[in-house]
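Residue-level listing of the chains:
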Amino acid sequence: MAQLIRLADHPAAQNRRARPIHFSRAEINQLLSLYARRVAAGEWRDYAIDCRPGMAIFAAFRGTNQRPALTVQKLPQAFVVTADDRGRCQAATLGDALAAWEPRLTLAKS
């Protein structure tokens, strides 16, 4: 006998119902400020912002066809920053997460 499963109970449907997460205006200003500094230094050339169920993502690229040099994920409880496969940093606020990565980004340039 076949087992019936309600579509609303399927995990994929539950992910779609997750409250959308977006960057606030202040967070966008922080991200674009960092991006502008890196563009002025000649390091980055492009960025992307994506909103998915349960997270928002900001990615900065050295070139248009490359992997992201920096990725910032806004999750319901934290911000996760990943830069050039050198590990991850997690913090409760975007400012704290970027402050932890800023020295590493500066050292990587040298």
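Sequence order as written defines the numbering, with residues in each chain counted from 1. A pLDDT threshold of at least 70 governs which residues receive local features in this predicted model, and a stricter bar of 80 or more applies before side-chain atom pairs are shown or counted, although totals over entire chains, interfaces and linings include all residues. Side-chain numbers come from the whole structure's heavy atoms, not from hydrogens or water.

### Here's the deal with the confidence of the model for the protein
- For the protein, the average pLDDT comes to 83, and 76% of its residues sit at 70 or higher.
- Within the protein, the element-level pLDDT minimum falls on helix α1 (residues 11–16), averaging 60, and the maximum on strand β2 (residues 55–61), averaging 95. You can read pLDDT as the predictor saying how much it trusts each residue, on a scale of 0 to 100. Starting at the N terminus, helices and strands are each numbered in turn, a helix being any DSSP run of H or I of at least four residues and a strand any DSSP run of E of at least two.

### Things to note about the packing of aromatic side chains
- A pair of aromatic rings is counted whenever rings of Phe, Tyr or Trp (Trp by its six-membered ring) have centres within 6.5 Å, and the orientation is called stacked for planes under 30 degrees apart, edge-to-face for over 60 and tilted otherwise. If you walk through the whole model with that rule in mind, you get three aromatic pairs.
- Taken together, a centroid distance of 4.9 Å and an interplanar angle of 65 degrees make the contact between Tyr35 and Tyr47 edge-to-face. Within this pair, whereas Tyr35 is found in helix α2 (residues 25–40), its partner Tyr47 is found in strand β1 (residues 46–52), the two being separated by 12 residues in sequence.
- In this scheme, a residue with accessible area under 20% of its type's maximum is buried, one over 50% is exposed, and one in between is partly exposed, where area comes from a 1.4 Å probe on protein chains only. Overall, the relative accessible area of 35% leaves Tyr47 in the partly exposed class.
- Taken together, Tyr35, Trp44, Tyr47 and Phe58 form an aromatic cluster joined through their ring pairs.

### Comments concerning the pairing of strand β5 (residues 88–91)
- Alternating residues of β5 divide into Cys89 and Ala91, all buried, and Arg88 and Gln90, none buried.
- Each pair of strands is called paired provided DSSP finds at least two bridges between the two strands. In terms of strand pairing, strand β4 (residues 79–83) meets β5 through four bridges, oriented antiparallel. The residue bridging Val81 from the neighbouring strand is Cys89, located in β5.

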